[in-house]
Amino acid sequence: SQQGEEDPQALSIQEGENATMNCSYKTSINNLQWYRQNSGRGLVHLILIRSNEREKHSGRLRVTLDTSKKSSSLLITASRAADTASYFCATGRRGSNYKLTFGKGTLLTVNP
Amino acid sequence: SAVISQKPSRDICQRGTSLTIQCQVDSQVTMMFWYRQQPGQSLTLIATANQGSEATYESGFVIDKFPISRPNLTFSTLTVSNMSPEDSSIYLCSVEDDTGRETQYFGPGTRLLVL
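This is a predicted model, so every value here is computed, not measured.

S.K.: So what's going on with the pairing of strand 3 (residues 19-24) of chain A? Residues and values would help.
M.R.: All names here are of chain A. Because side chains alternate across strand 3, one face comprises the buried residues A19, M21 and C23, and the other comprises T20, N22 and S24, none of which is buried. As defined by bridge partners, strand 3 adjoins strand 8 (residues 71-76) across six bridges and the pair is classed as antiparallel. The residue bridging S24 from the neighbouring strand is S71, located in strand 8.

Structural data, given as structure tokens:
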């Protein structure tokens, strides 16, 4: 079953605006990651936040993690048309085999 | 980061046939993963493939339907057997970052349509 649930499922904004996407998960995790997928292509890793971290930045990306609420958010500031893509959160959990479990994704459209 | 290529990039197949998808990595990696992404959906892990051992399949996926080979540290294949239209999906391979960063690098995917 899917671990993560993103909301909104789709988001449409104007260039220059900020975009916020949320992710919730169900079980304990070691880390949470965000990936981007352009139009059915391969996924590109954006950022990883560990379970003992609360916030992380990378360029125009800001990720927060609240393990008490089992939720994370991805903020993209000053969006560009090139940011148009699907964004997925994925939770990583150590066990007999380390693997990622992906959420359903948010389709972001940035209008020029 | 690893660079991953997949062949074919897309294919249209008839039901009942099989398709083998190849995944090539530009460096040696321990773990490789195969995912399925059905239209408009998220990624679902099919199996984990380690070199020199049998692939580990996730619940709902079986070796007879999705046989996997991992002959060396840079290559793997996934076969989709006895295909039906429900197998129409994007199939992606990925590798784990061996530097311990716990991230994965993905291939461009194989877009499969079964008629």
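Still more to cover.
S.K.: An account of unusual backbone geometry is requested, with residue identities and associated values reported.
M.R.: Peptide bonds are mostly trans, and most non-glycine residues show a negative phi. Note the cis peptide between K7(B) and P8(B), where omega equals -10°. Of note, P8(B) is situated in the loop between strand 1 (4-7) and strand 2 (10-13). Backbone geometry at A78(A) places phi at a positive 45°, although glycine is not the residue there. Within the secondary structure, A78(A) sits in the loop between strand 8 and strand 9 (85-93). Of note in this structure, N82(B) is not a glycine but carries a positive phi near 45°. For N82(B), a relative accessible area of 55% translates into the label exposed.

S.K.: So what about the interface of chain A and chain B? Which residues, and what values?
M.R.: Interfaces are frequently sized by the accessible area removed from exposure as the parts join. At the interface, 22 residues of chain A touch 23 residues of chain B. Both faces combined, the contact of chain A with chain B buries some 1800 Å², and carbon together with sulfur accounts for 47% of it. Among the residues chain A hides against chain B, the three largest losses belong to L43(A), Y98(A) and K99(A). Together they make up 25% of the total. If you list the elements that add at least two residues to the side of chain A that touches chain B, you get strand 4 (31-37), strand 5 (43-50) and strand 10 (99-102) of chain A. Residue composition of the side of chain A that touches chain B, by class: seven nonpolar, 10 polar and five charged.

S.K.: Describe the pairing of strand 3 (residues 19-25) of chain B, listing the residues and the values that go with them.
M.R.: All names here are of chain B. Of the two faces of strand 3, only the one carrying L19, I21, C23 and V25 is buried; T20, Q22 and Q24 on the other face are not. Bridge count for strand 1 against strand 3 is four bridges, and the pairing is antiparallel. Following the sheet pairing, S5 is matched in strand 3 by Q24. Bridging between strand 3 and strand 8 (residues 75-80) involves six bridges; their strand directions are antiparallel. In the sheet register, T20 faces strand 8, and the bridge partner there is T79.

S.K.: Quick one: what's the story with the packing of aromatic side chains, residue by residue and with numbers?
M.R.: Residue and element names in this part refer to chain B. Using the criterion set out here, one finds six aromatic pairs over all chains in the structure. Arranged with centres 5.5 Å apart and planes meeting at 45°, the rings of Y35 and F106 form a pair that is tilted. Note that Y35 is positioned in strand 4 (residues 31-37) and F106 in strand 10 (residues 104-106), a separation of 71 residues in sequence. Between the aromatic rings of F61 and F66, the centroid separation amounts to 5.6 Å while the plane-to-plane angle is 65°, which identifies the pairing as edge-to-face.

S.K.: An account of the sheet that holds strand 8 of chain B is requested, with residue identities and associated values reported.
M.R.: Residues and elements named next belong to chain B. Judged by pairing direction, the sheet is antiparallel, and its four strands sit side by side in the order 1-3-8-7 without closing on themselves. Both outer strands of the open sheet, strand 1 and strand 7 (68-72), are each paired with one neighbouring strand and no more. Across the sheet, the mean angle separating the axes of adjacent strands is 15° when strand polarity is ignored.

S.K.: Hey, could you go over a nonpolar patch on the surface for me, with residue numbers and the actual values?
M.R.: Residue and element names in this part refer to chain B. Taken together, the side chains of I12, L113 and L115 make up a nonpolar region of the molecular surface, amounting to roughly 290 Å² of accessible area. Along the chain, the position of I12 falls in strand 2. I12 sits in the exposed class, given a relative accessible area of 55%.

S.K.: Help me get a handle on the pattern of salt bridges, residues and values and all.
M.R.: Residues and elements named next belong to chain B. Applying the stated criterion across every chain yields a total of six salt bridges over all chains. Of the charged contacts, one joins K65 and D87 as a salt bridge, the two residues approaching to 2.7 Å between their closest N and O atoms. Here K65, found in the loop between strand 6 (56-57) and strand 7, pairs with D87, found in the loop between strand 8 and strand 9 (89-96); they are 22 residues apart in sequence, far enough to count as distant.

Rules used throughout
Residues numbered from 1 in each chain as written. Chains lettered and ligands numbered in written order. Predicted model: local features only at pLDDT ≥ 70, side-chain atom pairs only at ≥ 80, totals over all residues. Heavy atoms only, no water. Buried < 20%, exposed > 50% of the residue type's maximum accessible area, 1.4 Å probe, protein only. Helix = DSSP H or I, 4+ residues; strand = E, 2+ residues; numbered from the N terminus. Pairing = 2+ DSSP bridges. Contact = heavy atoms within 4.5 Å. Buried area = accessible area lost by both parts, 1.4 Å probe. Nonpolar A, V, L, I, M, F, W, Y, C, P; charged D, E, K, R; others polar. Phe/Tyr/Trp six-rings, centres within 6.5 Å; stacked < 30°, edge-to-face > 60°. Axes fitted to C-alpha atoms, helices over the stretch in contact; angles between N-to-C directions. Patch = residues over 30% accessible without salt bridge, like charges linked within 9 Å, V, L, I, M, F, W, Y side chains within 5 Å. Areas by Shrake-Rupley, 256 points an atom, 1.4 Å probe, with all protein chains shown as cover. Salt bridge = Lys/Arg side-chain N within 4 Å of Asp/Glu carboxyl O.

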